Number of protein chains: 2
Amino acid sequence: MNSLSLLKRASRYFDDYPSLAKLVVVCTISGGGYVAYADANGTGGSPPVLEEIKKKKVVVLGTGWAGTSFLKKLDNPSYDVQVISPRNYFAFTPLLPSVTCGTVEARSIVEPIRSIVRKKSIDVKYWEAECFKIDAENKKVHCRPNPDSSQNGKEEFVVDYDYLVIAMGGCPNTFNTPGVVENCNFLKEVEDAQQIRQSVINSFEKASLPTLSDEERKRILHFVIVGGGPTGVEFAAELHDFVNEDLVKLYPAAKDFVKITLLEASDHILNMFDKRITDFAESKFQRDGIDMKLGSMVVKVSDKEISTKVRGNSGEITTIPYGMVVWSTGIGTHPVIRDFMQKIGQSNRRALATDEWLRVEGCGSIYALGDCATINQRKVMEDIAAIFKKADKDNSGTLTVKEFREVIKDICERYPQLELYLKSKKMRDIADLLKMAKGDVAKEAIELNIEEFKKALSEVDSQMKNHPATAQVAAQQGTYLAKCFNRMEEAEKNPEGPIRFREEGRHRFRPFRYILNPVRI
Amino acid sequence: MNSLSLLKRASRYFDDYPSLAKLVVVCTISGGGYVAYADANGTGGSPPVLEEIKKKKVVVLGTGWAGTSFLKKLDNPSYDVQVISPRNYFAFTPLLPSVTCGTVEARSIVEPIRSIVRKKSIDVKYWEAECFKIDAENKKVHCRPNPDSSQNGKEEFVVDYDYLVIAMGGCPNTFNTPGVVENCNFLKEVEDAQQIRQSVINSFEKASLPTLSDEERKRILHFVIVGGGPTGVEFAAELHDFVNEDLVKLYPAAKDFVKITLLEASDHILNMFDKRITDFAESKFQRDGIDMKLGSMVVKVSDKEISTKVRGNSGEITTIPYGMVVWSTGIGTHPVIRDFMQKIGQSNRRALATDEWLRVEGCGSIYALGDCATINQRKVMEDIAAIFKKADKDNSGTLTVKEFREVIKDICERYPQLELYLKSKKMRDIADLLKMAKGDVAKEAIELNIEEFKKALSEVDSQMKNHPATAQVAAQQGTYLAKCFNRMEEAEKNPEGPIRFREEGRHRFRPFRYILNPVRI
């Protein structure tokens, strides 16, 4: 059989001929006339070389949603791009829970970065390595080869950048709970999903062995999920289907021993979503017999037991025997990011703080996006005097409705919370006034002084909300940043952003705005 | 997205209702009349229980080609079957080399044992465990749970048998070459193939890093295959295609550094096959630029170098720098089989010796098949006197052609080498004589005495040949043995095998004969 298929392949085989470098000969006869030779790649001759030297070096750290969408959309040939990530593929992470149960094959949710790089018309290089130090002072990142692929120790190297794009995502957040790293499965990487799949099947095999007590079988087939976020909930649902549709057929004796428990520290699962989604999921889980323990905080995990503290239960600790735990309680900070944050004075945060243009605060040429960053939105109240001053064109010390209306678009663009605020009940009068005053000289002349202006907007900043740490946000940020990079020079000359209230002129770009895809039920 | 797909699944979901145990009520009114209740499974009432007690316990060790084909064909309900194997799936091993390069997905070449078990109409249980001791004296096998699936130490258990079927296959044969286990990849299991795939890609990533010297790149991209058998050759061919059709596109800079070397200790690759196949493969490899080093024996493998001794080179050692080695030099003996062989006095062999009925020599109720066994074929010359005596029906001390012809079928069946021998040039006269003598009284009366008979057959046993250690042989043996087990009782009464030459009566079954599938080129 072996030899046969070898023979079969003989026909498939083809020799590849190196494509001949196309030689372009340009002859022009004008003035003295000259002959120029250059190969099609443009590496011959001196002018292109000079041009290459001038290329700005963009280094991208990470190949997740943010890094990959940035890479895909970047198409300005004036950059020399280097992508550094220990993972040489992009993974469609929302399908990870489906990989845990074999609904979707791991291979189907990954895309090699080198396939993406190959299709780019601009200069992109990829290194399979992890960045372990960001040196913002000297504009360098320190890297080492992936430990997995390195057969002979660690060979570190340094990459220079003009712009650094940090899109490294997060790592599992254990809240320093003892025993989590040693005993729990995570669900962040493709390998994690494959590992979970193997563990589930192993549990069923183990529970089928002839020597065990029913007690022990029950323990082994007790699957515990910690964290009622989308990942944990989706995994619990997949596991329930996997057990009840597939595994009970193969392990009929195991059916009565299986139990799935979901531990959630807050009062509801999926509490970042609309209440209707939470209600649906909770009642479905109840019907399915998935045991939801709400208000349960895990305090310790040993190899066979998980200890929880139930809220309002006078701090009593309950221990639950388990066979397998999947831990998905959100996102922690990468050590390299934590180090970098310490250096730039952001050590008391979970993620890198950026402005609305995704620039890391205090670092001119470093951008951060996706799960490793949060946008530190500028508060209206901090800039209220500057805004008032800029709006008060005639320097009268008061603001007419007309003057206000003329800058309202820029204010809303710069401070998105204002747009939401104007839609709130409290502001309906003012919003209506701004709308209706148009053309009505009397209404347009209504005046506000700075104190009244402050008072009217006093609660505007309560509308500020961080973006959720989702694939959608990361992908939109990557696309946004790539578009900014593509138009960098152009926007320098013709800025397209809102008025700078505290300085002169306009911002180069519009700030990042997350567009929420409406949830269809 | 997560929540959406959860919602989608809501429609897919169905509750499974436990099928109600069918209660069969049998009422007969005869004599005093009685009412019997029994559930459909037949576990209620005493007669079925008594019947179950009488069932013979068959224990099968292994779920490879031999064990699985035995299991699939076994359909006699008078057995209580238990399958023990650390691998809960059957793997279509000839496709393993294709899995190394992603031509075939691992999932496509495996079949869960429990799916096979589920379809059986007879009693079959499966334990995911490894047998670590065979106790033939007490008819027990000692097992322990798969270390991978055991979360809490090793819990050993003992299984009784009436018949034991050993089909554990082999393990990689390192010939005790230093450094092989530590530094080489094997290609026996599905995990091995996946590991190789990852290693090949890791090598390309590693070689692409910016800091390496060309020398180092060359080393990392030097793939060495040790062993020119079907597995090694098939892998070399797959790797060549993978590199030249896929990887050079993703790693264009690596192309000039890749090298594939095949080391074979004998004079030719694929030397167990027809010479035409060897010639084809060797010339194809030459065209492809795969470096075949024939007559090269590996003496040592370090983490970066492989040392070989080339035959006829006055024992000089050559060292070759490499990036990755795949070691496929044939089959070694499992430790548990080695222990068992020592106990039954077969310690100087590579595999368990069985008779032609696959019974382990000296162990009445133990069968062995597949790669862990070889059939110790009975020599004609050892039984020549008994054969002569049995054929000489009139006890004349001489054998007429007629008498010989009457037993020739049984002899050929019992000693397959005779059939081949009769076809050889040397024996053409005798074969023709036997054929033509039919009905010709003069020719039928030609006589041979025992010395002449011995002389005529003196070279017959040189035709004996061990079966190759292939999937085909193992699968045929499994099927053969299952058919014997299915007809065990019947064949006891009506034996279907050839005459017993050294004893009275007939053998219960025909001996195992391997049917070579003609190789189509």
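Scoring rules and cut-offs
Residues numbered from 1 in each chain as written. Chains lettered and ligands numbered in written order. Predicted model: local features only at pLDDT ≥ 70, side-chain atom pairs only at ≥ 80, totals over all residues. Heavy atoms only, no water. UniProt positions renumbered as here; feature names shortened; annotations may be inferred. Helix = DSSP H or I, 4+ residues; strand = E, 2+ residues; numbered from the N terminus. Expected span 1.5 Å × (residues − 1). Buried < 20%, exposed > 50% of the residue type's maximum accessible area, 1.4 Å probe, protein only. Pairing = 2+ DSSP bridges. Axes fitted to C-alpha atoms, helices over the stretch in contact; angles between N-to-C directions. Contact = heavy atoms within 4.5 Å. Core = buried A, V, L, I, M, F, W, Y, C linked by side-chain atoms within 4.5 Å. Parallel < 35°, antiparallel > 145°, perpendicular 65-115°, else oblique. Left-handed = near helix turned anticlockwise from the far one by under 90°. Nonpolar A, V, L, I, M, F, W, Y, C, P; charged D, E, K, R; others polar. Phe/Tyr/Trp six-rings, centres within 6.5 Å; stacked < 30°, edge-to-face > 60°. Lys NZ or Arg CZ within 6 Å of the ring centre and 35° of its normal. Salt bridge = Lys/Arg side-chain N within 4 Å of Asp/Glu carboxyl O.

In the nomenclature of an unreviewed UniProt entry, chain A is known as NADH:ubiquinone reductase (non-electrogenic) of Salix viminalis. Quoted verbatim from the Sequence similarities (unreviewed entry) heading of the UniProt record, the comment on chain A is "Belongs to the NADH dehydrogenase family."

Engineer: So what's going on with helix α18 (residues 471-486) of chain B? Residues and values would help.
Structural biologist: An ideal rise of 1.5 Å per residue puts 22 Å on 16 residues; α18 of chain B measures up with 22 Å between its terminal C-alpha atoms. With 14 of its 16 residues buried, α18 of chain B lies for the most part within the structure.

Engineer: Break down the pairing of strand β18 (residues 324-327) of chain A for me, with residues and values.
Structural biologist: Residue and element names in this part refer to chain A. The two faces of β18 match: Met 324 and Val 326 on one face and Val 325 and Trp 327 on the other face are all buried. Of the strand pairs in this sheet, strand β12 (residues 222-226) and β18 are connected by four bridges, and their pairing is parallel. Paired with Phe 223 across the bridge in β18 is Met 324.

Engineer: Let's hear about the UniProt feature "domain: EF-hand" (unreviewed entry) in chain A: which residues, and what values?
Structural biologist: Annotation from UniProt places "domain: EF-hand" (unreviewed entry) at residues 379-414 of chain A. Along residues 379-414 of chain A the backbone is 61% helical and 8% strand, and the end-to-end C-alpha distance reaches 10 Å.

Engineer: Help me get a handle on the sheet that holds strand β18 (residues 324-327) of chain B, residues and values and all.
Structural biologist: Residue and element names in this part refer to chain B. In spatial order, the strands read β14-β13-β12-β18; together these four strands make up an open sheet with parallel pairing. Edge positions in the open sheet fall to β14 (291-294) and β18, since each of these has one partner strand only. Strand after strand, the sheet turns through a mean of 20 degrees between neighbouring axes, direction not considered. Direction of pairing for strand β13 (residues 259-264) relative to β14: parallel, over a ladder of four bridges. Residue pairing across strands places Thr 261 opposite Asp 291, the latter belonging to β14. The strands touched by helix α7 (residues 190-208) are β12 (222-226) and β18; relative to β18, the strand with the most contacts, the crossing angle is about 160 degrees.

Engineer: Hey, could you go over the nonpolar core for me, with residue numbers and the actual values?
Structural biologist: Counting residues in each nonpolar core, the largest one holds 46 residues, and the members touching the most others are Val 200, Phe 204 and Phe 285 of chain A. Put simply, the parts of the chain that give this core at least two residues each are β5 (89-91), α4 (96-99), α7 (190-208), β12, α9 (230-250), β13 (259-264), α10 (275-288) and β18 of chain A. Take this core: its biggest share by element is ten residues, from α9 of chain A. Ranked by size, the runner-up nonpolar core spans 45 residues in total, among them Ala 106, Ala 207, Leu 247 and Leu 270 of chain B.

Engineer: Residues and numbers for the packing of α7 of chain B against helix α9 (residues 230-250) of chain B, please.
Structural biologist: Residue and element names in this part refer to chain B. Their axes nearest at 13 Å, the elements α7 and α9 cross at an angle of 45 degrees. In terms of axis orientation, α7 runs oblique to α9. Note on packing geometry: the crossing formed by α7 with α9 is right-handed. In contact with Ile 196, Val 200, Ile 201 and Phe 204 of α7, α9 contributes Phe 235, Leu 239, Phe 242, Val 243 and Leu 247. Its residues placed into classes, the contact of α7 with α9 shows nine nonpolar, no polar and no charged.

Engineer: Any details on the packing of aromatic side chains? Residues and values, ideally.
Structural biologist: Within the structure shown, the criterion is met by 28 aromatic pairs over all chains. Where Trp 65 of chain B meets Phe 90 of chain B, the ring centres are 4.9 Å apart and the plane angle is 90 degrees; that geometry is what we call edge-to-face. Here Phe 90 of chain B lies in strand β5 (residues 89-91) and Trp 65 of chain B lies in helix α3 (residues 65-73), a separation of 25 residues in the sequence. Per residue, the accessibility class of Trp 65 of chain B equals that of Phe 90 of chain B, and both read buried. Ring pairing ties together the aromatic residues Phe 70, Tyr 79, Tyr 163, Tyr 367 and Phe 485 of chain A, which thus form one cluster. The ring of Tyr 415 of chain A has Arg 414 of chain A lying over it, and the distance from NZ or CZ to the ring centre is 5.2 Å.

Engineer: Explain the side chain of Arg 217 of chain A to me, and be specific about the residues and the numbers.
Structural biologist: Residue position: Arg 217 of chain A is located in helix α8 (residues 214-220). Filtering out sequence-adjacent residues up to four positions away, Arg 217 of chain A remains in contact with Ala 207, Ser 208, Leu 209, Pro 210, Leu 212 and Phe 257 of chain A.

Engineer: Lay out the sheet that holds strand β16 (residues 305-310) of chain B in plain terms, naming residues and giving numbers.
Structural biologist: All names here are of chain B. Taken together, three strands build an open sheet; the order of strands is β15-β16-β17 and the sheet is antiparallel. The open sheet terminates on both sides in strands that have one partner only, identified here as β15 (296-301) and β17 (317-321). Averaged over neighbouring strand pairs, the angle between their axes works out to 35 degrees when direction is ignored. Bridge analysis of β16 against β17 gives five bridges, and the strand direction is antiparallel. Pairing of Glu 305 across the sheet is with Pro 321, part of β17.

Engineer: Which residues make up the pattern of salt bridges, and what are the values?
Structural biologist: Overall, the coordinates contain 57 salt bridges over all chains when judged by the stated rule. With its nearest N and O atoms 3.0 Å apart, the salt bridge here joins Lys 275 of chain A to Asp 279 of chain A. Placement of both Lys 275 of chain A and Asp 279 of chain A in helix α10 is noted, with a separation of four residues, approximately one turn of the helix. For Lys 275 of chain A, a relative accessible area of 59% translates into the label exposed. Residue Lys 393 of chain B pairs with Glu 406 of chain B through a salt bridge whose shortest N-O separation is 3.7 Å. Of this pair, Lys 393 of chain B sits in the loop between α12 (384-391) and β23 (398-400) while Glu 406 of chain B sits in helix α13 (residues 401-414), and the two are 13 residues apart along the sequence. Ionic contacts of the salt-bridge type, sharing partners, join the residues Arg 378, Glu 382, Asp 383 and Arg 502 of chain A into one network.

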